[in-house]
Amino acid sequence: MTHMVDRSLLRKIKRHGAGRKLDVDACFQCGNCTAVCPLAEDSGAFPRRMIRMAQLGMEKELLASEDIWRCYACGECTQTCPRQADPAEFMAATRSYAISRYDFTGLAALANRSVWGNLIVFALFSVVFGLLLASAQTSVGPQAPLFDFIPGRWIHDIGVALFVVVGISAALGMFAMFTRFVVEQRRKGVALRLGALPGAVVSAVSDALMHRRFQRCNSGEATPPPPAEPWYLRAWVVHAAVMGGFLTMLLATTLDFLFKPIGSPVPPWYPMRVLGLVGGLTCLYGLVIMFARRIRANQVPWKKSAFSDWFFPSLLAATVLTGLTTEIAVYAPLGNFGHAVFFTHVVLAMDLVAMLPLTKFAHVLYRTLALTLFAWRHAPVREQVTVDAQV
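What counts, and at which threshold
Residues numbered from 1 in each chain as written. Predicted model: local features only at pLDDT ≥ 70, side-chain atom pairs only at ≥ 80, totals over all residues. Heavy atoms only, no water. Axes fitted to C-alpha atoms, helices over the stretch in contact; angles between N-to-C directions. Helix = DSSP H or I, 4+ residues; strand = E, 2+ residues; numbered from the N terminus. Parallel < 35°, antiparallel > 145°, perpendicular 65-115°, else oblique. Left-handed = near helix turned anticlockwise from the far one by under 90°. Contact = heavy atoms within 4.5 Å. Nonpolar A, V, L, I, M, F, W, Y, C, P; charged D, E, K, R; others polar. Buried < 20%, exposed > 50% of the residue type's maximum accessible area, 1.4 Å probe, protein only. Phe/Tyr/Trp six-rings, centres within 6.5 Å; stacked < 30°, edge-to-face > 60°. Lys NZ or Arg CZ within 6 Å of the ring centre and 35° of its normal. Expected span 1.5 Å × (residues − 1). Disulfide = S-S within 2.5 Å. Patch = residues over 30% accessible without salt bridge, like charges linked within 9 Å, V, L, I, M, F, W, Y side chains within 5 Å. Areas by Shrake-Rupley, 256 points an atom, 1.4 Å probe, with all protein chains shown as cover. Salt bridge = Lys/Arg side-chain N within 4 Å of Asp/Glu carboxyl O. Arc of directions from axis to C-beta. Polar contact = N/O pair within 3.5 Å; in protein donor to acceptor, adjacent residues only side chain to side chain. pLDDT = per-residue confidence, 0-100.

Relative orientation of the contacting elements helix α8 (residues 115-134) and helix α10 (residues 152-188) amounts to 150°, with a least axis distance of 10 Å. As judged from the angle between their axes, α8 and α10 are roughly antiparallel. The handedness of the crossing between α8 and α10 is right-handed. Across from Phe129, Leu132 and Leu133 in α8, the residues of α10 making contact are Trp154, Ile155, Ile158 and Leu162. In the contact of α8 with α10, the residues fall into seven nonpolar, no polar and no charged.

Within the secondary structure, alanine 108 sits in helix α7 (residues 107-113). Assessed through its relative accessible area of 0%, alanine 108 is described here as buried. Along the backbone, alanine 108 and asparagine 118 are ten residues apart, and their C-alpha atoms lie at a distance of 8.5 Å. Look past the residues within four positions of alanine 108 in its chain and what remains in contact with it is Ile99, Ser100, Asp103 and Leu358.

What follows concerns the packing of aromatic side chains. Both the distance between ring centres and the angle between the ring planes are used here to describe each pair of aromatic rings. By the definition in use, this model includes twelve aromatic pairs. Look at phenylalanine 125 and phenylalanine 129: their rings are 6.1 Å apart centre to centre, the planes differ by 10°, and that puts the pair in the stacked class. You can see phenylalanine 125 and its partner phenylalanine 129 sitting in helix α8, four residues apart, about one turn around the helix. With a relative accessible area of 7%, phenylalanine 129 lands in the buried category. In this structure, arginine 70 packs its charged tip against the face of phenylalanine 374, placed 4.1 Å from the ring centre. Stacked on the ring of tyrosine 72, the Lys or Arg arginine 367 has its end atom at 4.4 Å from the ring centre.

A rise of 1.5 Å per residue sets the reference length of helix α14 (residues 271-296), with its 26 residues, at 38 Å; its end C-alpha atoms lie 38 Å apart and thus fit the reference within 8%. Backbone geometry just after α14 places alanine 297 at a positive phi near 50°.

Following both chains from N to C, one finds α8 and helix α16 (residues 335-354) inclined at 130°, their axes separated by 9 Å at the closest point. Between α8 and α16, the interaxial angle falls into the category oblique. Seen from above, α8 lies across α16 with right-handed handedness. Note on element contacts: α16 touches α8 through Phe343, Val346, Val347, Leu348, Met350, Asp351 and Ala354, opposite Phe122, Phe125, Ser126, Phe129, Gly130, Leu133 and Ala134. Classifying every residue of the contact of α8 with α16 gives eleven nonpolar, two polar and one charged.

In this section: unusual backbone geometry. Leaving glycine out, the prevailing phi sign among residues is negative, and the prevailing peptide bond configuration is trans. In this structure, alanine 73 is a non-glycine residue whose phi angle is positive, near 55°. With respect to the secondary-structure elements, alanine 73 resides in the loop between α4 (59-63) and α5 (76-80). Take alanine 73: its relative accessible area is 29%, and that puts it in the partly exposed class.

This brings us to the side chain of aspartate 351. Within the fold, aspartate 351 resides in helix α16. With sequence-adjacent residues up to four places away left out, aspartate 351 is seen in contact with Phe122, Phe125, Ser126 and Phe129.

Moving on: the state of the cysteines. Where two cysteines share a covalent bond between their sulfur atoms, that bond is called a disulfide. Evaluation of the coordinates by the stated rule reveals zero disulfides. Between cysteine 71, a free cysteine, and cysteine 77, which holds the nearest cysteine sulfur, the sulfur-to-sulfur gap is 6.2 Å.

Together, Phe163, Val201, Val205, Leu209, Met210, Leu247 and Leu250 make up an exposed nonpolar region whose accessible area comes to about 600 Å². Counting only elements with at least two residues in the nonpolar patch, the list comes to α11 (197-210) and α13 (235-259). Here the nonpolar patch gets four residues from one element, more than from any other, and that element is α11. Turning to its location among the elements, leucine 247 is positioned in helix α13.

In this section: α11. Its 14 residues place the ends of α11 20 Å apart at the C-alpha level, agreeing with the 20 Å of an ideal helix rising 1.5 Å per residue. Those residues of α11 that sit buried are Leu197, Ala200, Ala204 and Asp207. Along the long axis of α11, the arc covered by the buried residues comes to 85°, so they all point the same way. Of the exposed residues in α11, the ones pointing more than 90 degrees away from its buried face are Val202 and Leu209.

Relative to the helices and strands, serine 126 resides in helix α8. Residue classification places serine 126 among the buried residues on the basis of a relative accessible area of 18%. Reaching out from serine 126, the side chain makes a polar contact with the backbone oxygen of phenylalanine 122 at a distance of 2.9 Å. Residues in contact with serine 126, not counting those within four places in the same chain, are Val347 and Asp351.

What follows covers the confidence of the model for the protein chain. Residues with a pLDDT of 70 or more make up 90% of the protein chain, whose mean pLDDT is 85. Counting contacts from residues 384-391, a segment whose pLDDT is below 50, to residues more than four positions away or on other chains yields zero contacts.

This brings us to the pattern of salt bridges. Pairing between side chains of opposite charge can happen when the charged atoms of each approach one another. For the coordinates displayed, the defined rule picks out nine salt bridges. Between arginine 273 and glutamate 327 there is a salt bridge, with the nearest N and O atoms lying 2.9 Å from each other. Taken together, the residues arginine 273 in helix α14 and glutamate 327 in helix α15 (residues 307-331) connect sequence positions 54 residues apart. With relative accessibility at 17%, the residue arginine 273 sits in the buried group. A relative accessible area of 28% means that glutamate 327 is categorised as partly exposed. As a salt-bridge pair, aspartate 309 and arginine 294 come within 3.9 Å of each other at their nearest N and O atoms.

Structure, rendered in structure tokens:
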């Protein structure tokens, strides 16, 4: 089967994140990255095959592969690459490019292509949400409750509409990835049993929540092995703290909206308040370690940082900090400062949700789907046994 080489694909990938400085052309397919990758045992050509696809311009096949999302950027391939092709950064840039291609609005392409594009999209959302909230703002004294400053019902209505729009956008992006995968597997003649899909979903969600594959990246199999560090500083634990803390805050907010009238007073030990506080502090713990490692930049996964590597954690940290300050303002009014922090927190929280399918935050969607597709593709095929009946 012949294939026309398209050099433009590699240039497009290089424009995303830190990947613009990649020298992927230096890769001569020695297979070293596959040999040292803790996750390559599931797929003999991972991640080497992805690099080759990009070199040849096989965009359709690359975007249909779930393998680009199975990489957790441990950096072992980059550390031992004899050609300094930096496979880990290539995979990160490819994921950024894939997010842009799965999105139908064009905003992901703008946000992921450059620093200014990211800031423009962020500013656009901030202005829209700020104007919507300001339109319902009432003139009250500095000691007035927060939900008298901005009516809780208005925040609720905007939030519901936002979740519907973002949900549709995210679903369409995941559907685009899913259909690409199915078409490519059919082209290869791979049998996908629909009955195996539910089990693949359960396996993937469990894997994502427990970070099982991520743990294998810290299994000490690297060459040379990384220095020993306490369990609470391991990369997978830090990542789990950030994502687990965020999901806990999201759960607390959702339960708050479902079971408590908006703006009604509750004591500090109210279960949803406690749940949100635990989630916020857990998330901040992970974020502080992430920032420290990126600032020091003395380990392979942290030596190169794209703007997106700073932007999403910074937005998340600002949202958490303003949220915790808002919780204080609920019980100890902070005057106009408390109102300003509350307004900022609501805008940032809405920005965070709006940018879910457009930025690095989308990893939580596409990686979970990729793990599902991987488990589905490798589901055992039932053998048909025939028995000859003797009459």
